[in-house]
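Architecture and fold: a report
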Amino acid sequence: MALSLAVSPCPNDTFVFHALVHGLVPGAEPVRLTFADVDVTNTAAVGGGFDLVKVSYAALPWLLDDYDLLPCGGALGRGCGPLVVTRGDGSHADGDLTGATVAVPGDRTTAYLLFRLWSAKHPPARIEVVPFHQIMPGVAAGRYDAGLVIHEARFTYQRHGLTALVDLGEWWEGDTGLPIPLGAILARKGAVDPAEATEWIRKSVSMAWANPAASREFVLANAQEMEPDVVAQHIGLYVNEFTLELGAEGYAAADALLGRAAAAGITPAVKPLEP
């Protein structure tokens, strides 16, 4: 039977997993693909819903008993952090969101964890979990005072008349000197050998880089109405050296994030992650 794989339809995931999904990786097991936003996979993974799954690093404390973290295929990097956006009227320009209603894309996302760490001294009055595509229009329409946005919103928020209150990636990097750990790839224990899965995914990444044209149709078909230039920017930002190998710096970034979250009482404590 095919292994179940769940990733987002975002260009970085479809680019990375194109070869594996389409049976082009020599020696790899066949996989059955499900597309789901990361806030969905964070929850589905708790019940062991998939053999290979993309989740938020912020969700790892609830998942590591049942899954192995793979050292490749995920999303880490610099200059790629979530943004807090507001209407372009100067409101909350000082960064104080006391009394504000903020829309976020999921309560166990790395974006929301970073937001909670950043806003700890001036937390908003209300948080609403909103489908990602509704956040920027909702802020622009005044339904929310601010929104936490990710992915391609880095390139498009100005189109909604919004301004960036803070780049949480810049804040994180400035405070820690480390890249920001966003999305992780997990392998379900007992269902798939993590060393084999790592080899398959690394081959899939390398094949995508070697022949970007091969995945273009698949990427664009699932890119949720993104223009080709935004798709290219998205892939260029989120598919990087950490996608191929977390390395010591990638593991240090994940440990720093989860350590700070546990110290703040936001997530359960976990043992340091190891290669």
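From a predicted model like this one, the values you see are computed outputs, not experimental measurements.

On to the packing of aromatic side chains, then. A complete count under the given rule lists 3 aromatic pairs for this structure. Between the aromatic rings of Y112 and F115, the centroid separation amounts to 6.4 Å while the plane-to-plane angle is 20°, which identifies the pairing as stacked. With Y112 and F115 both in helix α3 (residues 110-118) and 3 residues apart, this pair spans about one turn of that helix. Residues Y112 and F115 agree in their burial class; the two are buried. Taken together, Y112, F115 and W118 form an aromatic cluster joined through their ring pairs. Over the ring of W62 we find R108; its NZ or CZ atom is 3.9 Å from the centre of that ring.

Before going further, it helps to examine the packing of helix α1 (residues 11-21) against helix α7 (residues 194-210). Running from N to C, α1 and α7 cross one another at 110°; their axes reach a closest spacing of 7 Å. For the element pair α1 / α7, the angle class is roughly perpendicular. Relative to α7, α1 is oriented so that their crossing is right-handed. Note on element contacts: α7 touches α1 through W200, I201, S204, V205, M207, A208 and W209, opposite F15, V16, F17, H18, A19 and L20. Partitioning the contact of α1 with α7 into residue classes produces 11 nonpolar, 2 polar and no charged.

Next up on the list: the sheet that holds strand β10 (residues 162-167). Spatially, β8-β7-β9-β6-β10 is the arrangement adopted by the 5 strands of the open sheet, whose pairing is mixed. Of all strands in the sheet, those bounded by a partner on one side alone are β8 (126-129) and β10. Across this sheet, the average inter-strand angle for adjacent strands is 30°, counted without regard to direction. Where strand β7 (residues 101-104) meets β8, 4 bridges bridge the pair, whose relative direction is parallel. Its bridge partner lying in β8, V102 is registered against I127.

To continue, consider the environment of M1. Tracing the backbone through its elements, the reader meets M1 in the segment before β1 (3-7). For the pair M1 and V31, spaced 30 residues apart in sequence, the C-alpha separation works out to 8.5 Å.

Glancing now at the pairing of β7. Of the two faces of β7, the one carrying T101 and A103 and the one carrying V102 and V104 are both buried. The parallel pair β7 and β8 is bridged by α3, and the resulting crossover is right-handed.

Moving on: the packing of helix α6 (residues 168-176) against helix α11 (residues 247-263). For any two helices packed against each other, one specifies the inter-axial angle together with the distance between the axes. In the contact formed by α6 and α11, the axes pass within 12 Å of each other and the chain directions differ by 100°. One element, α6, and the other, α11, form an angle in the roughly perpendicular class. On α11, the residues touching W172, D175 and T176 of α6 are A253, A256, L257 and R260. Class assignment of the residues belonging to the contact of α6 with α11 gives a composition of 4 nonpolar, 1 polar and 2 charged.

A few words on the nonpolar core. Formed by 64 residues in total, the largest nonpolar core has its most connected members in Y57, L60, L69, V84, L97 and F115. Excluding residues that lie within four positions of it along the chain, L69 makes contacts with Y57, L60, A184, I185, L186, L246, Y251 and L273. Of all hydrophobic cores here, the second largest spans 29 residues; its members include V16, L52, I201 and V231.

What follows deals with the confidence of the model for the chain. Should pLDDT be low for a region, the predicted coordinates there are not to be read in detail. Per-residue pLDDT for the chain has a mean of 93; in total, 98% of the residues score no lower than 70. Across the chain, element-level confidence peaks in α7 with a mean pLDDT of 98 and bottoms out in helix α5 (residues 153-156) with 81.

Turning our eyes to something else, we now look at the pattern of salt bridges. Throughout the structure, instances matching the rule amount to 9 salt bridges. Ionic pairing is found between D13 and K54, a salt bridge with its closest N-O pair at 2.7 Å. Placement of the pair is D13 in helix α1 and K54 in strand β3 (residues 52-56), with a sequence separation of 41 residues. In this structure, D13 and K54 share a single accessibility class: buried. Ionic pairing is found between R202 and E245, a salt bridge with its closest N-O pair at 2.2 Å. Separated by 43 residues along the polypeptide, R202 in helix α7 and E245 in the loop between α10 (241-244) and α11 bring together distant segments of the chain. E245 sits in the partly exposed class, given a relative accessible area of 35%.

Conventions we followed
- Residues numbered from 1 in each chain as written.
- Predicted model: local features only at pLDDT ≥ 70, side-chain atom pairs only at ≥ 80, totals over all residues.
- Heavy atoms only, no water.
- Phe/Tyr/Trp six-rings, centres within 6.5 Å; stacked < 30°, edge-to-face > 60°.
- Helix = DSSP H or I, 4+ residues; strand = E, 2+ residues; numbered from the N terminus.
- Buried < 20%, exposed > 50% of the residue type's maximum accessible area, 1.4 Å probe, protein only.
- Lys NZ or Arg CZ within 6 Å of the ring centre and 35° of its normal.
- Axes fitted to C-alpha atoms, helices over the stretch in contact; angles between N-to-C directions.
- Parallel < 35°, antiparallel > 145°, perpendicular 65-115°, else oblique.
- Left-handed = near helix turned anticlockwise from the far one by under 90°.
- Contact = heavy atoms within 4.5 Å.
- Nonpolar A, V, L, I, M, F, W, Y, C, P; charged D, E, K, R; others polar.
- Pairing = 2+ DSSP bridges.
- Right-handed = clockwise from strand over helix to strand, strands pointing away.
- Core = buried A, V, L, I, M, F, W, Y, C linked by side-chain atoms within 4.5 Å.
- pLDDT = per-residue confidence, 0-100.
- Salt bridge = Lys/Arg side-chain N within 4 Å of Asp/Glu carboxyl O.

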